[in-house]
Amino acid sequence: MKKRIIILFLAAAGFSFQSSTTDPKTSQLDEIVDAWHLAASQANFTNYFNAVTDDFVFLGTDPTERWERKAFEAFCKPYFDKGKAWDFKASDRHWVFSKKGDVAWFDEKLDTWMNTCRGSGVLVKEKHHWKLAYYNLTVLIENEKMKSFIELRKNQ
């Protein structure tokens with residue numbers, strides 16, 4: 001019996017160790033996305049937009065928000081100039097890579113002023129540097145609250 005307990009303990013410890021190690025490939029991409037979020041929280045317009053591709057697209061939470069880079073820059077500039085952009089804290093990020101390894105998709109949970117949201121995005125490798133090409137910000141609604149949400153949207 002003691003041997004079984006010890007084996008289970010060692011197996012659990014090994015699993016914990018494996019899950020706490022980070023993949024250098026995803027660590028680099030995590031740093032890029034985290035720095036992008038940080039640039040917004042610091043209202044650093046240059047760093048925020050240097051992290052994205054020329055054809056970057058941002059989907060916001062409002063049904064009308066599909067921003068191509070130039071329009072998004074124009075929308076964001078007054079907020080960044082005032083020193084007040086947004087502050088999203090990411091957690092629970094998951095990555096998927098293309099077979100060639102030059103495109104990476106991710107989804108992440110976000111702690112925001114809107115409560116918990118989800119972000120998803122695509123990074124592409126351009127001239128040996130990763131850049132954000134697409135980002136989609138989504139407000140999360142629990143399934144049991146969906147009917148109330150639909151009614152709320154109908155009453156606009």
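Model, not experiment: these values are computed from the prediction.

Regarding its fold elements, the chain presents 5 helices and 6 strands. The secondary structure elements of the chain, listed N-terminal to C-terminal, are α-α-α-β-β-α-β-β-β-β-α. With 156 residues in all, the chain has 30% of them scored as buried. Partitioning the contacts of the chain with sequence separation of at least 6, the portion at a separation of at least 24 is 45%. Put simply, the chain shows about 11,100 Å² of open surface, and 56% of that area lies on carbon and sulfur atoms.

Taking 1.5 Å per residue, 13 residues should reach 18 Å; helix 4 (residues 69-81) reaches 17 Å between its end C-alpha atoms and fits that length. Residue Phe-75 marks the point of greatest curvature in helix 4, where the axis turns by about 30°; the proline Pro-78 follows within four residues. Next to the buried residues of helix 4 lie helix 2 (24-41), helix 3 (45-50), strand 1 (52-59) and strand 2 (66-68). Of the residues one or two after helix 4, Gly-83 is the one with positive phi, at around 80°.

A few words on the layout of surface pockets. Considering only enclosed or pocket space, the largest pocket measures out at about 270 Å³ in volume. What lines the largest pocket is a set of 15 residues, and nearest its centre among them are Glu-65, Phe-75, Trp-86, Phe-88 and Leu-137. Counting residues per element, the lining of the largest pocket draws most heavily on helix 4, which supplies 3 residues. Its residues assigned to classes, the lining of the largest pocket comprises 11 nonpolar, 2 polar and 2 charged.

A few words now on the pattern of salt bridges. A side chain with one charge may pair with a side chain of the opposite charge, provided their charged atoms come close. Under the counting rule described, the total for this entry stands at 11 salt bridges. When the shortest N-O distance is used, the salt bridge between Arg-66 and Glu-68 registers 3.4 Å. Look at Arg-66 and you get exposed, because its relative accessible area is 52%. Between Lys-77 and Asp-81 there is a salt bridge, with the nearest N and O atoms lying 2.9 Å from each other. Of the two residues, Lys-77 and Asp-81 are both situated in helix 4; the distance of 4 residues between them amounts to about one turn of the helix. Exposure remark for Asp-81: the relative accessible area of 54% places this residue in the exposed category. Each of the salt bridges in this network shares a partner with another, and the network as a whole consists of Asp-30, Asp-34, Arg-93 and Glu-108.

Compared with an ideal rise of 1.5 Å per residue, which puts 18 residues at 26 Å, helix 2 spans 25 Å between its outermost C-alpha atoms and is within 8% of the ideal. Within the sequence span of helix 2, burial applies to Thr-26, Leu-29, Val-33, Trp-36, His-37, Ala-39 and Ala-40. Seen along its axis, helix 2 keeps its buried residues to an arc of 160°; they face one direction. Every exposed residue of helix 2 that faces more than 90 degrees away from the buried side is listed here: Pro-24 and Glu-31.

Conventions we followed
Residues numbered from 1 in each chain as written. Predicted model: local features only at pLDDT ≥ 70, side-chain atom pairs only at ≥ 80, totals over all residues. Heavy atoms only, no water. Helix = DSSP H or I, 4+ residues; strand = E, 2+ residues; numbered from the N terminus. Buried < 20%, exposed > 50% of the residue type's maximum accessible area, 1.4 Å probe, protein only. Contact = heavy atoms within 4.5 Å. Areas by Shrake-Rupley, 256 points an atom, 1.4 Å probe, with all protein chains shown as cover. Expected span 1.5 Å × (residues − 1). Bend = angle between axes of the 7 residues up to and from the residue. 1 Å grid on protein atoms, 1.4 Å probe; cavity = no way out; pocket = protein on both sides within 12 Å on 5 of 7 lines; lining within 4 Å. Points joined across faces, edges and corners; volume = space filled by probe spheres on them. Nonpolar A, V, L, I, M, F, W, Y, C, P; charged D, E, K, R; others polar. Salt bridge = Lys/Arg side-chain N within 4 Å of Asp/Glu carboxyl O. Arc of directions from axis to C-beta.

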